[in-house]
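Fold and contact review
Listed below, chain by chain, are the residues.
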Amino acid sequence: MKVKEVAEKLGLTVISGANGLENEISMGYSSDLLSDVMGSAQSGDIWITLQTHKNVMAIASLKDLSAVILVKGFTPDPDMEEQSNEENIPVLGTTEDTFTINGKLYNLLNQ
Amino acid sequence: MKEYKADLHIHTVLSPCGSLEMSPRNIVQEALKKKIDIIGITDHNSTRQCASVSKEATKAGITVYMGVEITTKEEVHCLAFFETFDILDTFQQYLDKHLPDIKNNTDLFGYQVVVDESENIIYEEPRLLISAIAQSIDQIAAEVHRLGGLFIPAHINRPKYSLVSQLGFVPPDLKADAFELTKHISTEDFLKKFSYLKGKTFIRNSDAHQPELIGERFTTLKMADTSFAEFAKALAGIDGREVIV
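Residues numbered from 1 in each chain as written. Chains lettered and ligands numbered in written order. Predicted model: local features only at pLDDT ≥ 70, side-chain atom pairs only at ≥ 80, totals over all residues.

When you go through chain B residue by residue, the secondary structure sums to eight helices and eleven strands. Over its C-alpha trace chain B gives a radius of gyration of 17 Å, about what one expects of a compact globule, namely 18 Å for 245 residues. With respect to the principal axes defined by its C-alpha atoms, chain B has extents near 45 × 35 × 30 Å. In chain B, which comprises 245 residues, the proportion classed as buried is 47%. Partitioning the intrachain contacts of chain B with sequence separation of at least 6 by distance along the chain shows that 71% fall at a separation of at least 24. (Helix = DSSP H or I, 4+ residues; strand = E, 2+ residues; numbered from the N terminus. Rg over C-alpha atoms; globule rule 2.2 N^0.38 Å. Buried ≥ 20, exposed ≤ 12 C-beta atoms within 10 Å, placed from the backbone. Contact = placed C-beta atoms within 7 Å.)

Written out as structure tokens, the structure is:
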């Protein structure tokens, strides 16, 4: 499923990196420890987190992730947003918490 | 130049995880026993114990660098040091403003008390000090530097509450005056993983929460005297001042 489709179906805001909306999502990974994401996320994963530091985009790029979802209404730091645009990896926003968005996303990706 | 033995990361009774034995008097006695010239007082998210430790240490001829171990929004622990009581108070106001209003539970976390030189309790902090403050690591580094302070990410190789655990790697453009490593890794092995940090200053300290651990690890500062300006020069490695670990 494409990032664009997930964003539409789950009502996520496209904050940045709109050029990457055609990225294909394989599965998801949820963690707020960037060291853990670096070790365990798989290529194509959509990453659910509350971290807003620019290192998020460096790791998303390194791991070839499809997009990042920021939970609970968090917004990226300006340099994270900038890097999202440069790397064409979308940052999507939701006001929901990690548990809720994970559940919805899990069901959607496993349909 | 002289070489000074410094343990720059010491908690007091004010930190919830700090032993009740960590009074100004006991800290200074232990530092004397270990022949430490300079101690850094770095409680979690509070500078309120610095004054009484400074008073007690001055009597014993030990220098105190007044500081704090801040928990950033990302839950990265960072040390900061300030030159004067006035500046320290300004930074305390910043901490008070951004520390979330979560009450301490003494059964779970321990007591958070400030004691004077005679070990009388003069203040109890009601808010939990180990919470993350509502400011990012970059915002905190900027505020510390605006006040002329020194900013040092703590135990950066640790698997929790560190720059590397929380943010995956050390942001190359982070404005840090030094980085603290633990005993668990040599500087050489750390630099193998993060070769872009070659040339940066690394320090090692005890991170003591109980008296007997004070001085277990230390940093040697080669400088003219123990003033804050000399400390800053030693961290920067300028004018013949340097850090030896």
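We now examine the overall build of chain A. A count of helices and strands for chain A gives five helices and five strands. Counting from the amino terminus, helix and strand elements in chain A follow one another as α-β-β-α-β-α-β-α-β-α. Scaling as 2.2 N^0.38, a compact globule of 111 residues should have a C-alpha radius of gyration of about 13 Å, and chain A matches this with 12 Å. Expressed as lengths along the three principal axes of its C-alpha atoms, the size of chain A is roughly 35 × 25 × 25 Å.

Residue and element names in this part refer to chain B. Most of strand β3 (residues 63–71) is tucked away, with nine of its nine residues classed as buried. Covered by surrounding structure in β3 are Thr63, Tyr65, Gly67, Glu69 and Thr71 together with Val64, Met66, Val68 and Ile70, the residues of both alternating faces. Note: strand β2 (residues 38–41) against β3, four bridges, orientation parallel. For Ile41, the partnering residue across the bridge sits in β3 and is Met66. Hairpin connection, β3 to strand β4 (residues 77–82): the antiparallel pair is bridged by five residues, and Glu75 has positive phi, about 65°. (Pairing = 2+ DSSP bridges.)

We now examine the environment of Ile152(B). All names here are of chain B. Tracing the sequence through the fold places Ile152 in strand β7 (residues 150–153). Classification of Ile152 by C-beta neighbours within 10 Å gives buried; the count is 28. Residues Ile152 and Glu180, 28 residues apart in the sequence, show an inter-C-alpha distance of 6.7 Å. The residues touching Ile152, leaving out its near neighbours within four places in the chain, are Cys78, Leu79, Ala176, Asp177, Ala178, Phe179, Glu180 and Ile203.

Glancing now at the packing of helix α3 (residues 55–62) of chain A against helix α4 (residues 78–87) of chain A. Packed helices, taken two at a time, are described by the angle their axes make and the gap between the axes. All names here are of chain A. For the pair α3 and α4, the least separation of the axes is 8 Å and the interaxial angle reads 25°. Accordingly, the angle class assigned to the pair α3 and α4 is roughly parallel. Contacts from Val56, Met57 and Ser61 in α3 reach Met80, Gln83, Ser84 and Glu87 in α4. Residue classes in the contact of α3 with α4 are distributed as three nonpolar, three polar and one charged. (Axes fitted to C-alpha atoms, helices over the stretch in contact; angles between N-to-C directions. Parallel < 35°, antiparallel > 145°, perpendicular 65-115°, else oblique. Nonpolar A, V, L, I, M, F, W, Y, C, P; charged D, E, K, R; others polar.)

Turning next to the interface of chain A and chain B. Across the contact, ten residues belong to chain A and nine residues belong to chain B. Of all the secondary structure elements, the ones that give two or more residues to the side of chain A that touches chain B are α2 (34–40) and α3 of chain A. At four residues, the largest contribution of residues to the side of chain A that touches chain B is made by α2(A). Residues that form the side of chain A that touches chain B fall into these classes: five nonpolar, four polar and one charged.

What follows covers the pairing of strand β1 (residues 2–10) of chain B. All names here are of chain B. Bridge count for β1 against strand β10 (residues 219–223) is five bridges, and the pairing is antiparallel. Residue pairing across strands places Lys5 opposite Thr220, the latter belonging to β10. With three bridges connecting them, β1 and β2 associate as parallel partners. Residue pairing in the sheet places Ala6 in a bridge with Ile38 of β2. Handedness of the crossover is the feature at issue here: the chain leaves β1, passes through helix α1 (residues 24–33), returns alongside β2, and the resulting connection is right-handed. (Right-handed = clockwise from strand over helix to strand, strands pointing away.)

A few words on unusual backbone geometry. All names here are of chain B. Phi at Asn45 takes a positive value of approximately 50°, unusual for a residue other than glycine. Of note in the backbone geometry, Asp239 takes a positive phi value of approximately 50° without being a glycine. Residue placement: Asp239 occurs in the loop between α8 (228–236) and β11 (242–244). Since 12 C-beta atoms lie within 10 Å of it, Asp239 is described here as exposed.

Time to look at the sheet that holds β2(B). All names here are of chain B. With mixed pairing, seven strands are arranged side by side in an open sheet as β7-β4-β3-β2-β1-β10-β11. Edge positions in the sheet fall to β7 and β11, since each of these pairs with one other strand and no more. Adjacent strand axes in the sheet meet at a mean angle of 30° when their direction is disregarded. Note: β4 against β7, four bridges, orientation antiparallel.

Residue and element names in this part refer to chain B. At a minimum axis distance of 9 Å, the contact between α1 and helix α2 (residues 50–60) shows a crossing angle of 40°. The crossing of α1 and α2 is right-handed. Note on element contacts: α2 touches α1 through Ser52, Val53, Glu56, Ala57 and Ala60, opposite Pro24, Arg25, Ile27, Val28 and Leu32. Here the residues of the contact of α1 with α2 are counted per class, giving seven nonpolar, one polar and two charged. (Left-handed = near helix turned anticlockwise from the far one by under 90°.)

Read these as layout, nothing more, since geometry by itself doesn't imply function.
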